[in-house]
Amino acid sequence: MAKLISKVYSDALFEATKALEKTDTVYEEVLDLKNIFKENEDFKKLLNSPKIVKEEKIQSVQAVFADKISKELMGLLTVVIEKGRQAELESIFDEFILQVKEFKNIGTAYVTSAFELSPEKKESIEAKLIETSRYEKMEMHFKTDPSIMGGLVIRINDKVLDSSISKRLYNIKRELLNIRLA
């Protein structure tokens, strides 16, 4: 249900900003707001507090963000609070960010390796992913995990390419367990 709510609100914001050709501006504002919400737990608590009436929450948001964000984003915040959906703001922002990235053909790749990769290897992986995907640009996130023993695990959206040694060993083990002696 929360995913559906996030999608409805982010779709509305995305379509409005696209029609007004303000997608880039609002995208940057959403990134900033997301960071503000992450860094200010007290502000989130204020918005989610059942003791504070909606009108006060809206006034607080307007006082803090007036003249700092676009009227489209302020309108979204107001509507979300009026409908009592402020707990979903972060997921709405996440969904909007995904929509803008898809619109701009920007992919996000998470690459796991057993050891730290050189800058040249990272660039090579990024170039290969751009070449073999529909994306024109990639946001790359690299991490190390010694438990994969070697190879790479690459995740883009809901697709995973696992060429790790640990995965290969697991597959061999599974095959060996399925062999029946005659």
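So, here's what we can say about the structure. Residue numbers here run from 1 along each chain, matching the order of that chain's written sequence. Local features in this predicted model are restricted to residues of pLDDT 70 or higher, and side-chain atom pairs are both shown and tallied only at a pLDDT of 80 or more, whereas totals for entire chains, interfaces and linings draw on every residue. For side-chain calculations, the full set of non-hydrogen atoms in the structure is used, while hydrogens and water are omitted.

### Considerations on the overall build of the chain
Working definition: helices are DSSP H or I runs of at least four residues, strands are E runs of at least two. Numbering for both runs from the N terminus. Looking only at helices and strands, one finds eight helices and four strands in the chain. In sequence order, the chain lays out its α and β elements as α-α-α-α-α-α-β-α-β-β-β-α. Relative to the compact-globule value of 16 Å for 182 residues, the chain shows a C-alpha radius of gyration of 22 Å, a clear excess of over 25%. By principal-axis analysis of the C-alpha atoms, the chain measures approximately 75 × 35 × 30 Å. Burial classification: accessible surface area is computed with a 1.4 Å probe over protein chains only, and a residue below 20% of its type maximum counts as buried, one above 50% as exposed, and the rest as partly exposed. Expressed as a percentage of the 182 residues in the chain, the buried residues total 35%. We compute the radius of gyration from the C-alpha atoms alone; for a globule the expected value is 2.2 Å times N to the 0.38, where N is the number of residues.

### Thoughts on helix H2 (residues 23-39)
A helix is expected to reach a length of 1.5 Å times the quantity of its residues less one. Under the 1.5 Å per step criterion, the end-to-end length of H2 is 24 Å for 17 residues, consistent within 8% with the ideal 24 Å. Restricting attention to buried positions, one finds in H2 the residues Thr23, Val26, Tyr27, Glu29, Val30, Leu33 and Phe37. Take H2 and look down its axis: the buried residues cluster within an arc of 165°, on one side only. Of the exposed residues in H2, the ones pointing more than 90 degrees away from its buried face are Lys38 and Glu39. Regarding the arc, it is the one traced by the directions from the helix axis to the C-beta atoms.

### Details of the environment of Ile5
Its place among the elements puts Ile5 in helix H1 (residues 2-19). In this description, contact between two residues means that some pair of their heavy atoms is separated by no more than 4.5 Å. Look past the residues within four positions of Ile5 in its chain and what remains in contact with it is Arg85 and Glu88.

### Some words on a nonpolar patch on the surface
Surface patches are drawn from residues lacking salt bridges whose relative accessible area is over 30%; two like charges belong together within 9 Å, two nonpolar side chains (Val, Leu, Ile, Met, Phe, Trp, Tyr) within 5 Å. Residue burial considers only the protein chains on display, and all accessible areas are found by Shrake-Rupley using a 1.4 Å probe. In the sections that follow, a salt bridge refers to a side-chain nitrogen of Lys or Arg positioned within 4 Å of a carboxyl oxygen of Asp or Glu. On the surface, Met149, Ile165, Leu169, Ile172, Leu176 and Ile179 cluster together into a nonpolar patch covering about 580 Å² of accessible area. Mapped onto the fold, Leu169 is located in helix H8 (residues 165-178). Residue class for Leu169 comes out partly exposed when judged on its relative accessible area of 45%.

### Things to note about the pattern of salt bridges
Taken as a whole, this structure holds 10 salt bridges when the rule is applied. Close ionic contact of Lys128 with Glu131 constitutes a salt bridge, the shortest N to O distance being 3.7 Å. Pair noted here: Lys128 and Glu131 are both in helix H7 (residues 119-132), with a separation of three residues, about one helical turn. What makes Glu131 exposed here is its relative accessible area of 61%. Linked through salt bridges whose partners overlap, the residues forming this network are Glu41, Lys44 and Glu90.

### Quick look at the side chain of Thr78
If you trace the backbone, Thr78 turns up in helix H5 (residues 71-82). The class for Thr78 is buried, based on a relative accessible area of 15%.

### Brief notes about the sheet that holds strand S4 (residues 159-162)
Any two strands with at least two DSSP bridges between them are considered paired. One open sheet holds the four strands; their spatial order is S2-S1-S3-S4, and the pairing between them is mixed. Sheet topology places strand S2 (137-144) and S4 at the edges, where each strand pairs with a single neighbour. Neighbour-to-neighbour, the strand axes of the sheet open up by a mean angle of 15°, direction not taken into account. As paired strands, strand S3 (residues 152-156) and S4 are joined by four bridges and run antiparallel to one another. Each axis is a line fitted through C-alpha atoms, and for a helix only the stretch in contact is used; angles between axes span 0 to 180 degrees, taken between their N-to-C directions.

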